[in-house]
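# Inside the fold
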Amino acid sequence: MNDFPPALDLVLAALEQIRDREEKPPRASRISLGQLRRTRVTESVKQQSASLSLGSDKAALLEPIRARVAVCIKCPHLARTRTQTVFGVGNPDAELMFIGEAPGAEEDARGEPFVGRAGQLLTKIIAAMGFRRDEVYIANVLKCRPDMPSSSSGNRPPTPVEMQTCLPHLAEQIGIIQPKVLIALGATAVEGLLGTRGVMRELRGKWHSHQETPLMITYHPSYLLRNQALSEKRKVWQDMLQVLERIDRPITEKQRNYFL
Ligand code: URA
């Protein structure tokens, strides 16, 4: 089993080469990609945990990964169009780690996740939970902004191949930070962490597990910006109250009755 990670790296490198050489990228079902990804994540987490048990400093462990990500050209189309990579931000010793989808235009410009409108809402949610933004850790499944036609200013979700390519970076971040709770914001984060696409309405508000770390699934803040119904905001807040309970944070009466 010890030879498995290098063998898997070879398979992934071969797939990347085929993808870069051929006009048509290799095709694989979402299920197979999810399985491959989960296996890689498991191995990566084991390696990171091993170095942590040697007493290393988490910030220092993250730096070489940040440096590797900054020059990554595994998705040449994204490397060409990005302003910069968006690695992640926050406290490497955080109890809580929020995972989003991918940088948007503002994140691409500033090199920091969740700084646009959705980001401002996320920062507000974090503050309502009683944390400063720099006390938690925030990262995305994809470290590059998904490219858009030059005439379009919107966003697109990452493709399965882009996710498969970038997820090992997130796995390494999680493996180092080892938060008490992971919070998946939206369906792409769920797919990245669980390897499955489900119905958000059914997945959210329940405890799941990612590599033995408790995982809470909730709606992406941009969903709350699109759907202003108080009922949806309240659901996200209920999910965050569950997170606070899980990490034994005292919850004030004001927080219990809070509406985002
Ligand atoms: N949406 C995300 O998922 N991530 C960001 O960094 C910004 C918006």
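Scroll up a little and you will see the structure.
Residues numbered from 1 in each chain as written. Predicted model: local features only at pLDDT ≥ 70, side-chain atom pairs only at ≥ 80, totals over all residues. Heavy atoms only, no water.

## Topic: the site of the ligand
What counts here: Summary of the distance rule: residues count as near a molecule or strand when at least one heavy atom falls within 4 Å of that molecule or strand. Any N or O atom pair separated by 3.5 Å or less is treated as a polar contact, with the protein-specific requirement of one donor-capable and one acceptor-capable atom, and with residues adjacent in sequence counted only for side-chain atom pairs. Accessibility throughout is a Shrake-Rupley quantity obtained with a 1.4 Å probe, and a residue counts as covered only by protein chains that appear here. Three residue categories are used. Nonpolar comprises Ala, Val, Leu, Ile, Met, Phe, Trp, Tyr, Cys and Pro, charged comprises Asp, Glu, Lys and Arg, and polar comprises the others, including Gly.
Residues in close proximity to the ligand include Gly100, Glu101, Ala102, Glu107, Pro113, Phe114, Asn140 and His220, which together make up its full environment. Between the ligand and the protein, one listed contact pairs a nitrogen atom with a backbone N or O atom of Ala102 at 3.1 Å. Between the ligand and Phe114, the relevant distance is 2.9 Å, taken from an oxygen atom to a main-chain nitrogen or oxygen of the residue. In isolation the ligand exposes 230 Å². Once the protein is present, 90% of that is buried. Looking at side-chain class alone, the shell around the ligand contains 3 nonpolar, 3 polar and 2 charged residues.

## Observations concerning the pairing of strand S4 (residues 181-185)
Stated precisely, the cut-off is as follows: A 1.4 Å probe rolled over the protein chains alone gives each residue an accessible area, and that area as a share of the maximum for its type sets the label: buried under 20%, exposed over 50%, partly exposed in between. Only runs of H or I of at least four residues qualify as helices and only runs of E of at least two qualify as strands under DSSP, and these elements are numbered from the N terminus. Pairing between two strands is assigned when DSSP locates at least 2 bridges connecting them.
Burial runs high along S4: 5 of the 5 residues are buried. The alternating pattern of S4 places Val181, Ile183 and Leu185 on one face and Leu182 and Ala184 on the opposite face, and all of these are buried. Pairing geometry for strand S2 (residues 96-100) and S4, over 4 bridges, is parallel. Pairing of Ile99 across the sheet is with Ala184, part of S4. With 4 bridges connecting them, S4 and strand S6 (residues 213-218) associate as parallel partners.

## Structural notes on the packing of aromatic side chains
Just so we agree on the cut-off: Pairing of aromatic side chains requires ring centres within 6.5 Å, counting the rings of Phe and Tyr and the six-membered ring of Trp. Pairs whose planes differ by under 30 degrees are stacked, by over 60 edge-to-face, and all others tilted. To sit over a ring, a charge needs its Lys NZ or Arg CZ within 6 Å of the ring centre and within 35 degrees of the ring normal.
Following the criterion strictly, the structure yields 2 aromatic pairs and no others. With a centroid separation of 4.5 Å and an interplanar angle of 40°, the aromatic rings of Tyr219 and Tyr223 are classed as tilted. Over the ring of Trp207 we find Arg246, and its NZ or CZ is 4.7 Å from the ring centre. Positioned over the ring face of Phe131 is Arg249, at 4.0 Å from the centre of the ring.

## Side note on the environment of Met97
Stated precisely, the cut-off is as follows: Contact definition: two residues touch when any of their heavy atoms are within 4.5 Å.
By the element assignment, Met97 lies in strand S2. Along the sequence, Met97 and Ile174 sit 77 residues apart, while their C-alpha atoms lie 8.1 Å from each other. In this structure, Met97 is in contact with Tyr137, Ala139, Leu170, Gln173, Ile174, Ile177, Pro179, Val181, Leu182 and Ile183, ignoring residues within four places of it in sequence.

## A closer look at the sheet that holds strand S3 (residues 137-140)
Note the threshold: Comment: axis = line fitted to C-alpha atoms, over the contacting stretch for helices; angle = value between 0 and 180 degrees taken between N-to-C directions.
Strand order in this open sheet of 6 strands is S1-S3-S2-S4-S6-S5, and the pairing throughout is mixed. The open sheet has two edge strands with one neighbour each: strand S1 (89-90) and strand S5 (207-210). As judged from the 4 bridges shared by S5 and S6, these two strands associate in the antiparallel manner. Note on S6: the bridge partner recorded for Ser209 is Pro214. Of the strands in this sheet, S2, S4, S5 and S6 touch helix H8 (residues 187-194), which is tilted by about 135° from S4. Sheet strands touched by helix H11 (residues 230-246): S2, S4, S5 and S6. Its angle to S6, the strand with the most contacts, is close to 165°.

## Description of the nonpolar core
Condition: In this text, buried Ala, Val, Leu, Ile, Met, Phe, Trp, Tyr and Cys residues form a nonpolar core when linked through side-chain atoms within 4.5 Å.
The biggest cluster of nonpolar side chains holds 53 residues, and the ones touching the most others in it are Leu96, Met97, Phe98, Met129 and Leu170. The residues touching Leu96, leaving out its near neighbours within four places in the chain, are Met129, Phe131, Val136, Tyr137, Pro179, Val181, Ile183, Val243 and Ile247. Among the nonpolar cores identified, the runner-up in size contains 6 residues, and Cys75, Ala102, Cys144 and Cys166 belong to it.

## Topic: the pairing of S2
Burial analysis of S2 places 5 of its 5 residues in the buried class, the great majority of the element. Neither face of S2 is open: one carries Leu96, Phe98 and Gly100, the other Met97 and Ile99, and all of them are buried. Judged from the 4 bridges that link them, S2 and S3 form a sheet pairing that is parallel. Residue pairing in the sheet places Ile99 in a bridge with Ala139 of S3.

Worth remembering: the numbers are spatial, not functional.
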